[in-house]
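Read off the chains here:
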Amino acid sequence: MSKGNWLTEFPQMDRSDLLVIRKGLDGAYKEFSRSYGEIIENLFEPLLRFLVWFEKLLVNSPWWLIIAVICSIVYSATRSVKLTVGVLIAFFLIGYFGMWENTMRTLSIIFVCTMISIAMGIPIGIMMSRSNRMQSIITPMLDIMQTMPAFVYLIPVVMLLGIGKVPGVIAVVIYAIPPVIRLTNLGIRLVDKEVLEAATAYGANSTQRLFGVQLPLALPTIMAGINQTIMMALAMVVIASMIGVKGLGQPVLKSITNQYFTLGLFNGLAIVALAIVFDRVSQAYGKRTQKHMERAQ
Amino acid sequence: MIEPLIRIEGLYKVFGVAPKKAMSMVKDGVPKDDILAQTGHTVGLKDINLDIQKGQIYVIMGLSGSGKSTLIRHLNRLIDPTEGKIIVDGEDVMKLGQKDLEQFRRHRMSMVFQRFGLMPHRTVIENVAYGLTVQGMNKKDRLAKAGEWIETVGLRGYENQYPSQLSGGQQQRVGLARALCTDADILLMDEAFSALDPLIRSEMQDQLIELQEKLHKTIVFITHDLDEALRLGDRIAILKDGELVQEGAPADILLHPATDYVEAFVKDVNRARALTVETVMKPPAHRITKGTIAEALQQMKTFSSDYGYYCTDEGYQGFLLQSTLEEAVKLDGSKAIQDDLFEDLPPISPDTVLEEIIPDSMGANYPLPVVDKEGDLQGNLPRSSLAEVLSN
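We now turn to the structure provided with this report.

## Looking at the overall build of chain B
Right, on to step 1. Broken down by element type, chain B carries 18 helices and 15 strands.
Right, on to step 2. Taking 21 Å as the expected radius of gyration for a compact globule of 392 residues, we find that chain B reaches 27 Å, considerably beyond that expectation.
Right, on to step 3. For chain B, contacts bridging at least 24 residues in sequence account for 65% of all contacts bridging at least 6.

Written as structure tokens, this is what we have:
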């Protein structure tokens, strides 16, 4: 204990004790990553291969084909000509200003991260909605994931897996997955009790209730969660570029360190354009699936 | 007595963290409020015993908080009781495992909900077919069947609409069609018409009665509206604070309320609309059976009254007045009684509601003859007894 008066100075832990804790934890984690790093890396091998393959696919395909595919996806999801033309213009501008390749890289990582987040987040959200105990365990974890500065959990990920695509994806997923989990849980909990009761009364088992009633009725809320997840993944792209994720984040990082204002602005705008496209398309799609709500008060 | 289709025996429901603990207090007859104050447990239902016969419309009535919705949810075990038995067709529902319970719900009982409980993301026809979907029937068959029921409830043309595009009455028709579509023999209706406008409500009641005449389901109907209960029910059970106060035929409850609570309840009922002629008529009297005018006059004099109802083997024929007979006997006493001797007095049927015969009764100076479908004289309805029942 410090010898100062505890009324004027906080009775803090001794420096040497603190050092022991830090060294102990760091040492243990280093030990862990040294002995298991390789195994864990191998576990992520298929993911890495997929990432590389998908990125190459996007980068190497002819630009007009990519634009055609994206526009047809946008149109079939939203049935809106206006939106499709907007997307077309956005991608043309991105290409024209020389950011095509980076945009494709970002697109590929965002796509993969979103898919992982959905694939993991929705089941976790369903579990959470089914038990209050589960909810009380997971909620604080989500709070930590969302508020902990991203740099803090980049450190152990990098220690474990080095820099590259996989740690980038992990960091982005950790940051972006909470909304989809939270809103899946919320959406299912908000499903009209009487409708659910009706399903039960007609002899629906829990699977039939989940897929026939709960998920479809929670879909608008879940879609809002997915939308948020995509937005957060895009926001994380710049930070992830610090650990070697290629894409629009890297030029932004470069322009911060070298004070290239225009470079930063252009790439920043490209990220904004992607965000707007994702947001509008997923929202329009969500709305279109809710056409039965049209006349509901 | 025939074995009831549904029998509820000693049913208790206590809501709370440890309901078993509060049960002893409930059984000792500690009042509900005291139990809540001391243990934090709410008594939902207390010692309910009911027999529901096949083919009946059984109405369970009570105000909000009386436990009626809790009770109906015990029948298909949407709520599990704290204690007690529910026996359907000889089978104890409480002993069913999860899988059997699902089968039981799919095939034996279907339910109509107060706020309809329709699935907003499915079209009308998909909603109606929902029970069959759960059963695993293939799409073509179930849509065909659902289509027939949609037609029966009068919603043809709305098949591909979504529930939110329909009015309340139409939505509840969808709910009804969904319930009928599974061919379950027991129909649970939880305040099914309570959320509807009065006009639509009575329309739906008519439709239910009409359907029931064809289908002969066993219907358990929950309501807080006594008029509705009297209109639909073959039997009525009245719940108060989770306890059964009275159980009986509608006229029974109306004419002989068991407690002050029931009496207060039935006070405001429009009796003229709730009671039928049968419940207030007097047993048959003044029956003239002799064939000739002279004999008939003789017979009438033995009643010490100046009128009589002429009946033959073929049933009720007409109404005779002493004065008419006296006139006729002067001409020819041995003549048989002919139609031209009858007075104009409309016969009424025993299952007509009183309201409909008030004008006839008021216009007649003599008790109206009550004649059943076979044409037999069942009794008569004097103006005085009608007035007595209606004025109470």
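## Observations concerning the sheet that holds strand β3 (residues 57-61) of chain B
All names here are of chain B.
Right, on to step 1. The strand order across the open sheet built from six strands is β6-β7-β8-β3-β9-β10, with neighbouring strands paired in mixed fashion. Here the strands that pair on one side only, and so sit at the sheet edges, are β6 (109-112) and β10 (243-248). Ignoring which end each strand starts from, the neighbouring axes of this sheet average 20 degrees apart.
Right, on to step 2. When β3 meets strand β8 (residues 218-223), the two strands line up parallel, connected through five bridges. If you follow Met-61 over to β8, its bridge partner there is Thr-223.

## Here's the deal with the interface of chain A and chain B
Right, on to step 1. The interface of chain A with chain B comprises 18 residues on the first partner and 21 residues on the second.
Right, on to step 2. For the side of chain A that touches chain B, the elements supplying multiple residues, two or more each, are α9 (193-201) and α10 (206-240) of chain A.
Right, on to step 3. At six residues, the largest contribution of residues to the side of chain A that touches chain B is made by α9 of chain A.
Right, on to step 4. For the side of chain A that touches chain B, the per-class residue count stands at ten nonpolar, five polar and three charged.

## Examining helix α1 (residues 15-43) of chain A
All names here are of chain A.
Right, on to step 1. Helix length check: α1, at 29 residues, gives a terminal C-alpha distance of 39 Å against a target of 42 Å (1.5 Å per residue), a fit within 8%.
Right, on to step 2. Of all the bends in α1, the greatest, near 55 degrees, is centred on Tyr-36.
Right, on to step 3. Little of α1 sits out of view: just zero of its 29 residues are buried.

## So, the sheet that holds strand β11 (residues 287-288) of chain B
Strand pairs in the sheet, formed through backbone hydrogen bonds, run parallel or antiparallel to each other.
Residue and element names in this part refer to chain B.
Right, on to step 1. The three strands are arranged β11-β12-β13 in an open sheet whose pairing can be described as mixed. Lying at the two open borders of the sheet, with one neighbouring strand each, are β11 and β13 (315-321).
Right, on to step 2. Of the strand pairs in this sheet, β11 and strand β12 (residues 307-312) are connected by two bridges, and their pairing is parallel. Among the inter-strand pairings, Arg-287 is bridged to a residue of β12, identified as Tyr-309.
Right, on to step 3. On top of the sheet, helix α16 (residues 322-332) reaches β12 and β13; it is set at about 80 degrees to β13, its chief contact.

## Overview of the environment of Val-52 of chain A
Right, on to step 1. In this fold, Val-52 of chain A is placed in helix α2 (residues 45-60).
Right, on to step 2. The spatial distance from the C-alpha of Val-52 of chain A to the C-alpha of Ser-108 of chain A is 9.2 Å, given a sequence separation of 56 residues.

## Description of the packing of helix α8 (residues 165-189) of chain A against α10 of chain A
Between two packed helices, both the angle of their axes relative to each other and the distance between the axes serve to describe the pair.
Residue and element names in this part refer to chain A.
Right, on to step 1. Where α8 meets α10, the closest approach of the two axes is 7 Å, and the angle between their N-to-C directions is 160 degrees. In terms of orientation, α8 lies roughly antiparallel with respect to α10. Seen along the crossing, α8 lies across α10 with a hand that is right-handed.
Right, on to step 2. Considered class by class, the residues forming the contact of α8 with α10 number 18 nonpolar, eight polar and one charged.

## So, the nonpolar core
Right, on to step 1. Counting residues in hydrophobic clusters, the biggest one holds 172 residues, and the most contacted among them are Val-172 and Met-236 of chain A together with Ile-60, Val-128 and Val-220 of chain B.
Right, on to step 2. When residues of this core are assigned to their parent elements, the largest contribution, 15 residues, is made by α10 of chain A.
Right, on to step 3. Residue contributions to this core reach at least three from each of two domains, namely domain 1 (6-108 + 184-269) and domain 2 (279-391) of chain B.
Right, on to step 4. Beyond its immediate sequence surroundings of up to four residues, Val-172 of chain A is in contact with Cys-113, Ala-233, Met-236 and Ala-240 of chain A.

## Here we look at the pairing of strand β1 (residues 6-15) of chain B
All names here are of chain B.
Right, on to step 1. When β1 meets strand β4 (residues 83-88), the two strands line up antiparallel, connected through five bridges. Bridged to Glu-9 within β4 is Lys-85.
Right, on to step 2. Sheet analysis places β1 next to strand β2 (residues 42-52), joined by seven bridges and oriented antiparallel. Looking at β2, one finds that Ile-8 is bridged to Leu-50.

Rules behind the numbers
- Residues numbered from 1 in each chain as written.
- Chains lettered and ligands numbered in written order.
- Predicted model: local features only at pLDDT ≥ 70, side-chain atom pairs only at ≥ 80, totals over all residues.
- Helix = DSSP H or I, 4+ residues; strand = E, 2+ residues; numbered from the N terminus.
- Rg over C-alpha atoms; globule rule 2.2 N^0.38 Å.
- Contact = placed C-beta atoms within 7 Å.
- Pairing = 2+ DSSP bridges.
- Axes fitted to C-alpha atoms, helices over the stretch in contact; angles between N-to-C directions.
- Nonpolar A, V, L, I, M, F, W, Y, C, P; charged D, E, K, R; others polar.
- Expected span 1.5 Å × (residues − 1).
- Bend = angle between axes of the 7 residues up to and from the residue.
- Buried ≥ 20, exposed ≤ 12 C-beta atoms within 10 Å, placed from the backbone.
- Parallel < 35°, antiparallel > 145°, perpendicular 65-115°, else oblique.
- Left-handed = near helix turned anticlockwise from the far one by under 90°.
- Core = buried A, V, L, I, M, F, W, Y, C linked by C-beta atoms within 7 Å.
- Domains from an automatic or database assignment.

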